[in-house]
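Chains, contacts and geometry: an overview
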Amino acid sequence: MKRCLIVSGGYAPHRPIEAGNRVQKLLEDEGFAVVHSDRLSAYDEEDLTAYDLIVPNWTVGDMSVETSKRLWDAVANYGVGLGGFHGGLADGFRNNDRFRFVVGGSYVAEPGAITNYTVEIVRKDDPITSGIKNFSYRSEQYYMHVDPAVEVLAVTRFDNRFYQWIDGVVMPSVWKKKFGAGRVFFSALGHVPEELDVVPARTILLRGLIWAAR
């Protein structure tokens, strides 16, 4: 049985505990044993190398240099998977460069706040996105700074509704990557828990987390 640690908290409008509970249920249905913590201290109290998957679900927050080194070591040297979604991963621990390097990108803006857009699948042959067609989505459309080393699975396109100078920008919204011995997965989708009711978004997240797991 694979073991997963979810650490949820931070920015209250994301309702992270509820979102984490949903992800916990998805993974338990796939046979994972899940520990779901609402304390950042879990990263220091738990033996991270004993888990097969870690899901940071904590928007903003602070992570010490020593803690980020432990997380880096677990992923890069022990093959622990890292996966997550939206601000819980891409907007976590803004002042910690090590964490953002492991993740492969970081949030910088959401032009227009909640808006309608299309998620375009660009890797139709990948197991995470196989069989999923482009789909309409209503949420924050994340504008991100992205590591060019990630493998992009899905993108969104910006227009000139909110900022004329980003018209036509194609932005990665789902990616995966290797980090040493470990795997990392990210989906920008999932601003609030109800967005996991959108079947293609939920399917991509679950498949990506399973892929990332050691």
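The preceding data block contains the structure.
Below is a summary of the structure that appears in this document.

Parameters and conventions
Residues numbered from 1 in each chain as written. Predicted model: local features only at pLDDT ≥ 70, side-chain atom pairs only at ≥ 80, totals over all residues. Heavy atoms only, no water. Helix = DSSP H or I, 4+ residues; strand = E, 2+ residues; numbered from the N terminus. Buried < 20%, exposed > 50% of the residue type's maximum accessible area, 1.4 Å probe, protein only. Polar contact = N/O pair within 3.5 Å; in protein donor to acceptor, adjacent residues only side chain to side chain. 1 Å grid on protein atoms, 1.4 Å probe; cavity = no way out; pocket = protein on both sides within 12 Å on 5 of 7 lines; lining within 4 Å. Points joined across faces, edges and corners; volume = space filled by probe spheres on them. Nonpolar A, V, L, I, M, F, W, Y, C, P; charged D, E, K, R; others polar. Expected span 1.5 Å × (residues − 1). Core = buried A, V, L, I, M, F, W, Y, C linked by side-chain atoms within 4.5 Å. Contact = heavy atoms within 4.5 Å. Axes fitted to C-alpha atoms, helices over the stretch in contact; angles between N-to-C directions. Parallel < 35°, antiparallel > 145°, perpendicular 65-115°, else oblique. Left-handed = near helix turned anticlockwise from the far one by under 90°. Pairing = 2+ DSSP bridges. Phe/Tyr/Trp six-rings, centres within 6.5 Å; stacked < 30°, edge-to-face > 60°. Lys NZ or Arg CZ within 6 Å of the ring centre and 35° of its normal.

**What about the environment of Ser-37?**
Considering the arrangement of structural elements, one finds Ser-37 in strand S2 (residues 33–37). For Ser-37, a relative accessible area of 10% corresponds to the buried category. In this structure, the C-alpha to C-alpha distance between Ser-37 and Ser-8, residues 29 residues apart in sequence, is 6.3 Å. A polar contact of 3.1 Å, which involves the side chain of Ser-37, links it to the backbone nitrogen of Arg-39.

**With respect to empty space enclosed by the protein**
Considering all chains together, one arrives at two cavities of 30 Å³ or more under this definition. Looking at the largest cavity, its volume works out to about 70 Å³. Around the largest cavity sit 13 residues that line it, and His-14, Asn-57, Phe-85, Gly-88 and Gly-190 are the ones nearest its centre. Among the secondary structure elements, those contributing two or more residues to the lining of the largest cavity are helix H1 (16–29), strand S3 (53–59) and helix H4 (86–90). Residue classes in the lining of the largest cavity are distributed as four nonpolar, nine polar and no charged. In this model, the second largest cavity occupies a volume close to 40 Å³. Taken together, the residues of the lining of the second largest cavity sort by class into five nonpolar, one polar and three charged.

**Some thoughts on helix H6 (residues 199–212)**
Given a rise of 1.5 Å per residue, 14 residues ought to cover 20 Å, and the 20 Å separating the end C-alpha atoms of H6 matches this to within 8%. Every buried residue of H6 is accounted for by Ala-201, Ile-204, Leu-205, Leu-206, Gly-208, Leu-209, Trp-211 and Ala-212.

**Description of the nonpolar core**
The biggest cluster of nonpolar side chains holds 33 residues, and the ones touching the most others in it are Ile-54, Leu-82 and Met-144. Looking at this core, the elements that each hand over two or more residues are strand S1 (3–10), helix H2 (42–45), S3, helix H3 (65–78), H4, helix H5 (97–103), strand S10 (170–179) and strand S11 (182–187). With four residues, H3 is the largest single contributor of residues to this core. Here Ile-54 is in contact with Leu-5, Tyr-43, Leu-48, Leu-71, Val-80, Gly-81, Leu-82 and Gly-83, once residues within four sequence places are set aside. Ranked by size, the runner-up nonpolar core spans 32 residues in total, among them Ile-6, Phe-32, Val-34 and Ala-201.

**Description of the packing of H1 against H6**
Contact geometry for H1 and H6: axes closest at 11 Å, N-to-C directions at 60°. Judged on the interaxial angle alone, H6 and H1 are oblique. The two elements H1 and H6 meet at a crossing, and its hand is right-handed. The segment H1 lies against H6, with Val-23, Leu-26 and Leu-27 engaging Arg-202, Leu-205, Leu-206 and Leu-209. Taken together, the residues that form the contact of H1 with H6 break down as six nonpolar, no polar and one charged.

**Some remarks on the pairing of strand S9 (residues 151–157)**
Judged from the two bridges that link them, strand S6 (residues 114–121) and S9 form a sheet pairing that is antiparallel. Among the inter-strand pairings, Glu-120 is bridged to a residue of S9, identified as Val-155.

**What to know about the packing of aromatic side chains**
Tallied over the entire structure, the rule returns 11 aromatic pairs. Geometrically, the ring pair formed by Trp-72 and Phe-101 is tilted, given 5.6 Å between the ring centres and 45° between the ring planes. Linking Trp-72 in helix H3 with Phe-101 in helix H5, this pair joins segments that are 29 residues apart in sequence. Judged by relative accessible area, which is 46%, Phe-101 ranks as partly exposed. Arg-3 extends its terminal NZ or CZ atom over the ring of Tyr-51, reaching a point 4.3 Å from the ring centre. Between Lys-177 and the ring centre of Phe-101, over which it is positioned, the NZ or CZ distance is 5.5 Å.

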